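Here is how the chains run, residue by residue.
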Amino acid sequence: LGESFSNRFRVDPAYANLPVTANNRADVTGKKCGDILRWACQASGTWPRARQQDGALTAEPLWNEGNKLTLDNLNSYPTMKANENLAALIFRLADENQTEYVVSGNATNSEKTVTIVNPFLHTQAQAMSAARLILAQYGGNVLETVGRGDPASEIGDVDTVWLDESNATTARRMTQTFQFQDGVLQNCQSTLLQAEGSYLYTEFAVI
């Protein structure tokens, strides 16, 4: 990834030794660093981010911890809208036959499909593992908030968002902004994802 990240990267020890291979050099020649990084993380079950404390490039699995967004730190109640659905994931595997492998999405009536060509995905089992992570971003709801902001919050956090005085919900932080007005951190916008696509993999029945 170049000299910019020399000695400025971290990989979760549990994932550092996983094999991520392409069939030949041509499969990754001329590709952007960002694409190769995204493909490698997709194949290993991790995701890339800039580590908050020092900006180091980090590849690790998603976590399920975060902060609280209380009503007294918000300008108004959070707004909620439907998250987009996905009909199918179409993988073009990096095998001898360029096999096309289709994984059902979270909503078969959706008009959206996604085609994935990743030179590091060779088998259907690898594609299914990647599909599980991808589908975790679809379905459910999107929460949008405007408030004081919290510099301790990171992209990927699972935050607890208060909806009223007696009800709260959890959602994963996807975007956030920080801005100062009159010397005070305020009117910071956040988008949080309360996806349900991952629930496709939480229960199963053997028939």
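Residues numbered from 1 in each chain as written. Predicted model: local features only at pLDDT ≥ 70, side-chain atom pairs only at ≥ 80, totals over all residues. Heavy atoms only, no water.

K.L.:
Can you walk me through the overall build of the protein in this structure?
P.N.:
Secondary structure summary: the protein contains two helices and 14 strands in total. The proportion of buried residues among the 207 residues of the protein is 33%. Sequence-distant contacts, at least 24 apart, represent 68% of the contacts inside the protein between residues at least 6 apart. Taking the average place of the 16 positive charges on the side chains of the protein and the average place of its 23 negative ones, the gap between the two points comes to 6 Å. (Helix = DSSP H or I, 4+ residues; strand = E, 2+ residues; numbered from the N terminus. Buried < 20%, exposed > 50% of the residue type's maximum accessible area, 1.4 Å probe, protein only. Contact = heavy atoms within 4.5 Å. Lys, Arg positive; Asp, Glu negative; His and termini not counted. Charge placed at Lys NZ, Arg CZ, Asp CG, Glu CD.)

K.L.:
What's the story with the nonpolar core in this structure? I'm lost.
P.N.:
Ranked by internal contacts, the top residues of the largest apolar core, which has 14 residues, are Leu-89, Phe-91, Tyr-101, Val-103 and Ile-134. If one sorts the elements of this core by residue count, helix H2 (residues 124–135) sits on top with five residues. Once residues within four sequence positions are removed from consideration, Ile-134 is found in contact with Gln-42, Leu-89, Phe-91 and Ile-116. Grouped together as the second largest cluster of nonpolar side chains are six residues, Leu-69, Val-161, Ala-171 and Leu-192 included. (Core = buried A, V, L, I, M, F, W, Y, C linked by side-chain atoms within 4.5 Å.)

K.L.:
What's the story with the sheet that holds strand S3 (residues 57–60) in this structure? I'm lost.
P.N.:
Strand pairing in a sheet takes place through backbone hydrogen bonds and is either antiparallel or parallel in direction. Read across the sheet, three strands follow the order S1-S3-S2 without closing on themselves; strand pairing throughout is mixed. At either end of the open sheet lies a strand with only one pairing partner, and these are strand S1 (9–11) and strand S2 (47–50). Averaged over all adjacent pairs, the angle separating strand axes in this sheet is 20 degrees, with direction ignored. Strand direction decides the pairing type here: S1 and S3, joined by three bridges, are parallel. Paired with Val-11 across the strands is Ala-59, a residue of S3. (Pairing = 2+ DSSP bridges. Axes fitted to C-alpha atoms, helices over the stretch in contact; angles between N-to-C directions.)

K.L.:
I keep staring at the sheet that holds strand S5 (residues 79–82) and nothing clicks. Help me out?
P.N.:
Spatially, the six strands line up as an open sheet ordered S4-S10-S11-S14-S9-S5, and their pairing is mixed. Every interior strand has two partners, whereas the edge strands, strand S4 (68–69) and S5, have only one. Of the pairings in the sheet, the one linking strand S11 (residues 168–176) to strand S14 (residues 188–194) comprises four bridges and is antiparallel in character. Its bridge partner being in S14, Arg-173 is matched across the sheet by Leu-192.

K.L.:
Please explain helix H1 (residues 33–44) as it appears in this structure.
P.N.:
Three or four residues apart is the spacing at which side chains of an α-helix point the same way, because the helix has 3.6 residues per turn. With twelve residues, H1 should cover 16 Å at 1.5 Å per step; its first-to-last C-alpha distance of 17 Å lies within 8% of that length. Within the span of H1, buried status applies to Trp-39, Cys-41, Gln-42 and Ser-44. Just beyond H1, the residue with positive phi is Gly-45, at close to 80 degrees. (Expected span 1.5 Å × (residues − 1).)

K.L.:
Whenever I open this one, the environment of Pro-119 confuses me. Can you help?
P.N.:
Structurally, Pro-119 can be placed in the loop between strand S8 (113–116) and H2. Put simply, Pro-119 and Glu-154 are 35 residues apart on the chain and 30 Å apart in space, counted from C-alpha to C-alpha. Sequence-distant contacts of Pro-119, defined by excluding residues within four places in its chain, comprise Thr-21, Ala-22, Asp-27, Val-28, Trp-39 and Ala-94.

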